Amino acid sequence: MSSIATTDRPAEQAVRSKTIQPAWVRIVHWINAVAMVLMIMSGWQIYNASPLFGFLRFSHSITLGGWLGGALQWHFAAMWLLMVNGLVYLTLGLVTGRFRRKLLPITVDGVVGDTRAALTGKLSHADLTTYNYVQKLLYAGIIVVGIVIVLSGLAIWKPVQLQWLTALFGGYDVARYVHFFCMAAIVGFLVVHVALALLVPKSLRAMIIGK
């Protein structure tokens, strides 16, 4: 028994010490989390100043900035942080091949199968080094949403200077709706993301210490 335990221990230690999330991924992840929360909360304050829907207002307790001017300052500051950090993430993700390894391929059969497994509680989370098809779809999709929300935000911010971009979205008013629904998609993603992190604590640990 002791010899078996001795033999298994190095393998077990190797698994525990394996790097799941490299340092650059962890750094950009947490910077992005802070920037996104700041943008969402300040964005809600900006929305309240000129709401798109008569039935929707965001509570002052979950907004940032106190008033329109203050919210805009927070929003623009976080915007630059998000854009620079996002460019670093996209560049390193492409250069290192992480996107190709982690997010591809995505197949309809794979997404349907993993969705069914998740809904029936049969989806395994044992291997943190490989994303299932649902994760691949969500992570790839949120990258696209992130790009669209930045572009639509620029179209709203500079509708005259960037009139070609504003026109690409169908005009200023349409760009506002696109920006809002992208925000809603990101908030929905964050809710699911945090819930899964709580359900699978080792994934959160990997994003903090890497192993």
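Residues numbered from 1 in each chain as written. Predicted model: local features only at pLDDT ≥ 70, side-chain atom pairs only at ≥ 80, totals over all residues. Heavy atoms only, no water.

*Asks:* Quick question: what am I supposed to make of the overall build of the protein chain here?
*Replies:* Helix and strand counts for the protein chain stand at nine helices and zero strands. Listing each helix as α and each strand as β along the protein chain from the N terminus yields α-α-α-α-α-α-α-α-α. In terms of overall dimensions, the protein chain has a C-alpha envelope of 75 × 35 × 35 Å along the principal axes. Burial analysis of the protein chain (211 residues in total) assigns 33% to the buried set. For the protein chain, the computed accessible surface area is about 13,000 Å², with 71% contributed by carbon and sulfur atoms. In the protein chain, the 17 positive side-chain charges and the 6 negative ones have mean positions that sit 8 Å from each other. (Helix = DSSP H or I, 4+ residues; strand = E, 2+ residues; numbered from the N terminus. Buried < 20%, exposed > 50% of the residue type's maximum accessible area, 1.4 Å probe, protein only. Areas by Shrake-Rupley, 256 points an atom, 1.4 Å probe, with all protein chains shown as cover. Lys, Arg positive; Asp, Glu negative; His and termini not counted. Charge placed at Lys NZ, Arg CZ, Asp CG, Glu CD.)

*Asks:* Would you mind showing me how to read unusual backbone geometry here?
*Replies:* Generally, phi is negative for residues other than glycine and the peptide bonds are trans, each holding for most cases. Cis rather than trans, the peptide bond between leucine 104 and proline 105 has omega equal to -5 degrees. Its location among the elements puts proline 105 in the loop between helix H4 (98-103) and helix H5 (108-119).

*Asks:* Sorry if this is basic, but what is going on with the packing of helix H2 (residues 23-49) against helix H8 (residues 172-199) here?
*Replies:* Think of two packed helices as two axes; the pair is described by the angle between the axes and how far apart they sit. Relative to each other, H2 and H8 sit at 130 degrees, their axes nearing to 11 Å. Taken together, the axes of H2 and H8 lie oblique to each other. Where H2 crosses over H8, the two elements pack in a sense that is left-handed. In contact with His29, Met36, Ile40, Trp44 and Tyr47 of H2, H8 contributes Phe180, Met183, Ile186, Val187, Leu190 and His193. (Axes fitted to C-alpha atoms, helices over the stretch in contact; angles between N-to-C directions. Parallel < 35°, antiparallel > 145°, perpendicular 65-115°, else oblique. Left-handed = near helix turned anticlockwise from the far one by under 90°. Contact = heavy atoms within 4.5 Å.)

*Asks:* What's the story with the environment of methionine 39 in this structure? I'm lost.
*Replies:* Locating methionine 39 in the fold gives a position in helix H2. Methionine 39 gets classed as buried once you look at its relative accessible area, which sits at 12%. Separated by 25 residues in the primary sequence, methionine 39 and leucine 64 place their C-alpha atoms 8.7 Å from one another. If sequence neighbours within four positions are ignored, methionine 39 has contacts with His75, Ala78, Met79 and Leu82.

*Asks:* Explain the domain arrangement of the protein chain here, please?
*Replies:* Much of the literature gives interface size as the accessible area that the parts lose upon coming together. According to the domain assignment, the protein chain contains domain 1 (20-112) and domain 2 (129-210). For domain 1 and domain 2, the distance between their C-alpha centroids amounts to 6 Å. Contacts between the two partners involve 32 residues from domain 1 and, on the opposite side, 29 residues from domain 2. A combined buried area of about 2,800 Å² lies between domain 1 and domain 2, and 75% of that area is made up of carbon and sulfur atoms. In this assembly, domain 1 and domain 2 are joined by zero salt bridges. Applying the counting criterion to the domain 1 and domain 2 interface returns four residue pairs in polar contact (both at pLDDT 80 or more). Looking at the side of domain 1 that touches domain 2, the element that brings in the most residues is H2, giving eight residues. Of the residues that constitute the side of domain 1 that touches domain 2, the class distribution is 23 nonpolar, six polar and three charged. (Domains from an automatic or database assignment. Buried area = accessible area lost by both parts, 1.4 Å probe. Salt bridge = Lys/Arg side-chain N within 4 Å of Asp/Glu carboxyl O. Polar contact = N/O pair within 3.5 Å; in protein donor to acceptor, adjacent residues only side chain to side chain. Nonpolar A, V, L, I, M, F, W, Y, C, P; charged D, E, K, R; others polar.)

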